[in-house]
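Spelled out from the first residue to the last, the chains are:
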Amino acid sequence: MSKNLVIGGLLAAVSALGPLAAPAHAATPRTATQAAFTQAAPTQAAPAQTTTASAARTRSAAAPLIHWGPVRSRAGHRGYAKADVWITRFSAETFVVSGSLHDRDAHGGHCAYVRARFHYIGGGTGWALPRTTCAPRSTFRLSSDGQIKRVDVKVCVVDRARHATLNCHSDAITPGIIANWPQ
């Protein structure tokens, strides 16, 4: 069966059911959809791309993100960098680390830096491309190329003039650590 046929069927079923109403006082957890699509989407897309993106949102909406919390670089001579980190479940086909990155360094040439190192189930590791910001707050999204067994989230202050990272701190996140995490 064609992938587009399956996705089209899923979309038809979702649109037929309509949105489910929740009480106004109910707290809603942050979902992967909210984190994954915090940045503006392209205004024009081909029909096949739109269908695939809609199906991805439908699939990811069912799995809420886990709030790991803040990961902060070591304090330097004038400040630090901080990332508020959310992660998907380790059973996800593509593991995502997302959240907000905060530059708390008063030095003009220093910015906040976040990077993730993924340890794959089949063996080997891979780094996501780093995200940097010199703004007080910015969002980021880092994703793996497959299922993982561990992720190291590294937050640093980057010195733009010297092209160097300073005061780095890394948190290792494994399924064992978050097994009994409060939801």
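So, here's what we can say about the structure. None of the values given here were measured: they were computed from a predicted structure.

**Looking at the overall build of the protein chain**
- Broken down by element type, the protein chain carries 4 helices and 9 strands.
- Beginning at the N terminus, the succession of helices and strands in the protein chain can be written as α-α-α-β-β-β-β-β-β-β-β-β-α.
- Counting only contacts in the protein chain whose residues sit at least 6 apart along the sequence, the fraction spanning at least 24 positions is 61%.

**Examining the state of the cysteines**
- By the definition in use, this model includes 2 disulfides.
- In this model, Cys 111 is linked to Cys 134 through a disulfide, with the two sulfur atoms separated by 1.7 Å. Judged by the sign of its S-S torsion, about 75 degrees, the bond between Cys 111 and Cys 134 is right-handed. Of this pair, Cys 111 sits in strand S4 (residues 110-120) while Cys 134 sits in the loop between strand S6 (131-133) and strand S7 (138-143), and the two are 23 residues apart along the sequence.
- Accessibility expressed as a relative area gives 1% for Cys 111, which makes it buried.
- The class for Cys 134 is partly exposed, based on a relative accessible area of 39%.
- Between the sulfur atoms of Cys 156 and its disulfide partner Cys 168 the distance amounts to 2.0 Å.

**A look at the pattern of salt bridges**
- Throughout the structure, instances matching the rule amount to 2 salt bridges.
- Put simply, Arg 150 and Asp 152 hold a salt bridge, and the shortest N to O gap is 2.9 Å.
- Relative accessible area serves as the criterion here: at 32%, Arg 150 is assigned to the partly exposed category.

**Overview of the packing of aromatic side chains**
- On inspection of all chains with the given rule, the structure shows 2 aromatic pairs.
- With a centroid separation of 6.3 Å and 70 degrees between ring planes, the pair formed by Phe 95 and Phe 118 is classed as edge-to-face. A residue pair is termed long-range when its members are at least 10 positions apart, and Phe 95 in the loop between strand S2 (79-87) and strand S3 (96-105) and Phe 118 in strand S4 qualify at 23 residues. We note that Phe 95, like Phe 118, is buried.
- Sitting above the plane of the Tyr 80 ring, Arg 72 keeps its charged end 3.6 Å from the centroid.

Reading the values: the criteria
- Residues numbered from 1 in each chain as written.
- Predicted model: local features only at pLDDT ≥ 70, side-chain atom pairs only at ≥ 80, totals over all residues.
- Heavy atoms only, no water.
- Helix = DSSP H or I, 4+ residues; strand = E, 2+ residues; numbered from the N terminus.
- Contact = heavy atoms within 4.5 Å.
- Disulfide = S-S within 2.5 Å.
- Buried < 20%, exposed > 50% of the residue type's maximum accessible area, 1.4 Å probe, protein only.
- Salt bridge = Lys/Arg side-chain N within 4 Å of Asp/Glu carboxyl O.
- Phe/Tyr/Trp six-rings, centres within 6.5 Å; stacked < 30°, edge-to-face > 60°.
- Lys NZ or Arg CZ within 6 Å of the ring centre and 35° of its normal.

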